[in-house]
Amino acid sequence: MWAVTILAVLALIAVDFLITRRPHEVSMREALGWSAFYIALPLAFGGWIWATFGSDIGVQYLTGYLVEKSLSVDNLFVFMLLLTAFAVPAALQQRVLLLGIVGALVLRGVFIALGAAVLANLSWAFLLFGAILLATAVKILVDQLRGSSHHVEVSELRSVRLIRRFMPVTDDYRGSRLSVREGGKRMLTPLAVVVVAVFAADVVFAVDSVPAVYGITSDPYLVFATNAFALLGLRALYFVLQGALSKLVHLGYGLATILAFIGVKLVLHWAHGIWAGVPEIPTLASLGVIIGVLAVVTATSLYATRGSKSSEQPERVATAETEPR
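Note that residues are indexed from 1 along each chain, following the sequence as it is written. Thresholds applied to this predicted model are a pLDDT of at least 70 for local features of residues and 80 or more for the giving and counting of side-chain atom pairs; totals over whole chains, interfaces and linings are not thresholded and use all residues. Water and hydrogen atoms were dropped before computing side-chain values, which therefore reflect all heavy atoms in the structure.

Draft legend 1. Molecular detail of the pairing of strand S1 (residues 179-182). At least two DSSP bridges between two strands are required for those strands to pair. The helix and strand labels rest on DSSP assignments: H or I over at least four residues marks a helix, E over at least two residues marks a strand, and numbering proceeds from the N terminus. Bridge analysis of S1 against strand S2 (residues 185-188) gives four bridges, and the strand direction is antiparallel. The partner of Glu-182 across the bridge, within S2, is Lys-185. Connecting the antiparallel pair S1 and S2 is a turn made up of two residues, with Gly-183 showing a positive phi of about 60°.

Draft legend 2. Structural detail: unusual backbone geometry. Phi is positive for Ala-87, close to 50°, though the residue is something other than glycine. Topologically, Ala-87 is positioned in the loop between helix H3 (55-85) and helix H4 (90-121).

Draft legend 3. Summary view of the environment of Gly-254. Mapped onto the elements, Gly-254 comes out in helix H10 (residues 251-274). Here Gly-254 falls in the buried class, since its relative accessible area comes to 0%. Considering only alpha carbons, one finds Gly-254 and Ala-137, 117 residues apart in sequence, at a separation of 9.6 Å. Contact between two residues is taken to exist if any of their heavy atoms lie within 4.5 Å; hydrogens are not considered. Apart from residues lying up to four places away in sequence, Gly-254 is in contact with Val-293 and Val-297. To sort residues, take the accessible area from a 1.4 Å probe on protein chains only and compare it with the maximum for the residue type: under 20% means buried, over 50% means exposed, and anything in between is partly exposed.

Draft legend 4. Representation of the packing of H4 against helix H9 (residues 234-241). The N-to-C vectors of H4 and H9 enclose an angle of 135°; their axes lie 9 Å apart at closest approach. Our classification of the angle between H4 and H9 gives oblique. When you trace H4 past H9, the crossing you get is right-handed. Side by side, H4 and H9 meet where Gln-93, Gln-94, Leu-97, Leu-98 and Ile-101 of the first sit next to Leu-234, Arg-235, Tyr-238 and Phe-239 of the second. Here an angle of 0 to 180 degrees is reported between the N-to-C directions of two axes, which are lines fitted to C-alpha atoms, with helices fitted over the stretch in contact. Note that the term roughly parallel is reserved for angles under 35 degrees, roughly antiparallel for angles over 145, roughly perpendicular for angles of 65 to 115, and oblique for everything else. Whether a crossing is left-handed or right-handed is set by the direction in which the near helix is turned from the far one by less than a right angle, anticlockwise for left-handed and clockwise for right-handed.

Draft legend 5. How the structure looks around H3. What a helix should span is 1.5 Å times the count of its residues minus one. For H3, which comprises 31 residues, the first-to-last C-alpha distance of 45 Å matches the rise-based estimate of 45 Å (1.5 Å per residue) to within 8%. With 25 of 31 residues buried, H3 is to be regarded as a mostly interior element. Just beyond H3, the residue with positive phi is Ala-87, at close to 50°.

Draft legend 6. Spatial organisation of the packing of H10 against helix H11 (residues 283-304). Here H10 crosses H11 at 165°, and the two axes come no closer than 8 Å. Comparing the axis directions of H10 and H11 gives the class roughly antiparallel. Here H10 and H11 pass one another in a crossing that is right-handed. On H11, the residues that touch Leu-251, Gly-254, Thr-257, Ile-258, Phe-261 and Lys-265 of H10 are Ser-286, Val-289, Ile-290, Val-293, Leu-294, Val-297 and Ser-301. Of the residues in the contact of H10 with H11, the class split is eight nonpolar, four polar and one charged. Under the scheme applied here, ten amino acids are nonpolar (Ala, Val, Leu, Ile, Met, Phe, Trp, Tyr, Cys and Pro), four are charged (Asp, Glu, Lys and Arg), and all others, including Gly, are polar.

Draft legend 7. Representation of the packing of aromatic side chains in the model. A pair of Phe, Tyr and Trp rings is counted when the ring centres sit within 6.5 Å of each other, with Trp represented by its six-membered ring. The angle between the planes then sorts it: under 30 degrees is stacked, over 60 is edge-to-face, the rest tilted. A complete count under the given rule lists 14 aromatic pairs for this structure. Here the aromatic rings of Phe-129 and Tyr-214 are separated by 6.1 Å at their centres, their planes lie at 45°, and the arrangement is tilted. With Phe-129 in helix H5 (residues 125-146) and Tyr-214 in helix H7 (residues 190-214), this pair connects stretches of sequence that are 85 residues apart. Note on Phe-129: relative accessible area 10%, which makes it buried. Assessed through its relative accessible area of 2%, Tyr-214 is described here as buried.

Draft legend 8. Expanded view of the side chain of Ser-209. Along the chain, Ser-209 turns up in helix H7. The class of Ser-209 is buried, set by a relative accessible area of 2%. Only 3.2 Å separates the side chain of Ser-209 from the side chain of Arg-108, close enough to count as a polar contact. Under the rule applied, a polar contact is a pair of N or O atoms within 3.5 Å (in protein, one hydrogen donor and one hydrogen acceptor; residues adjacent in sequence only if both atoms are side-chain atoms).

Draft legend 9. Highlighting the side chain of Gln-60. Relative to the helices and strands, Gln-60 resides in helix H3. A distance of 2.7 Å separates the side chain of Gln-60 from the side chain of Thr-217, its partner in a polar contact. The residues contacting Gln-60, other than those within four sequence positions of it, are Ile-216, Thr-217, Leu-222 and Thr-283.

Right, dumping it as structure tokens:
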């Protein structure tokens, strides 16, 4: 299962690289087609999991996938702001997203392996993961209340400052190239800088994403599969939701609620191992809570933004300085 899944993921990534080898603007028809494929594929796989391994494993997979997909939609906000702040040409945006997805998959693999090792050897790791999720939920809630949950200052990103300190950067994009040689000197392009910024964001995303799905299932394979399927469709989903993302104004409240709920679930699981009388939250109940929360915040978001223009682009948060240094 591991070998087949990893080979399938690599094959899908290879196909995506072939699609984006020639930079072009993504049409809505193309984005909708690939989004439908990347939603149908994990759901069909979930149906096979359910039929082969039973309803309990099937519910764990579907719940984990739903959690990861909802978290990945929130990640798209940050990607959108980074692409806007760096003034990435429309034809190059999908290449940036694809490189970011590859980086995220590698990071998630590392975090999943570490998480599995920790959970197998340290019983209190469930308490630690629960605390991480509760702290993340509080941060998301505070940011949402302040209205700064998706604020990005390019000039303050440590990864960007570090790159510019050691490598000169060209003052314009050079197609899909990450570096060029000018005047006998190797220089990075702005595309390389924005890719590094996306990688840095991926690290932050992995910190809450992996513990969240471990709160649903302790099976590392299911954790990897749900993460992989949720990430693979982000490139196409970005262009489908680009206009609608600005309408999901209450998504932060929903994610804070979901992460807090899973955090409590992990803490109860840890406590149940010590005191048998402590109740645990069934995975099926978790699925119902997550679907309910997402439905509520989607409905309230659409109600709150009724009448606004869906085509509005996100405010440009910062200007990327791309002059050579």
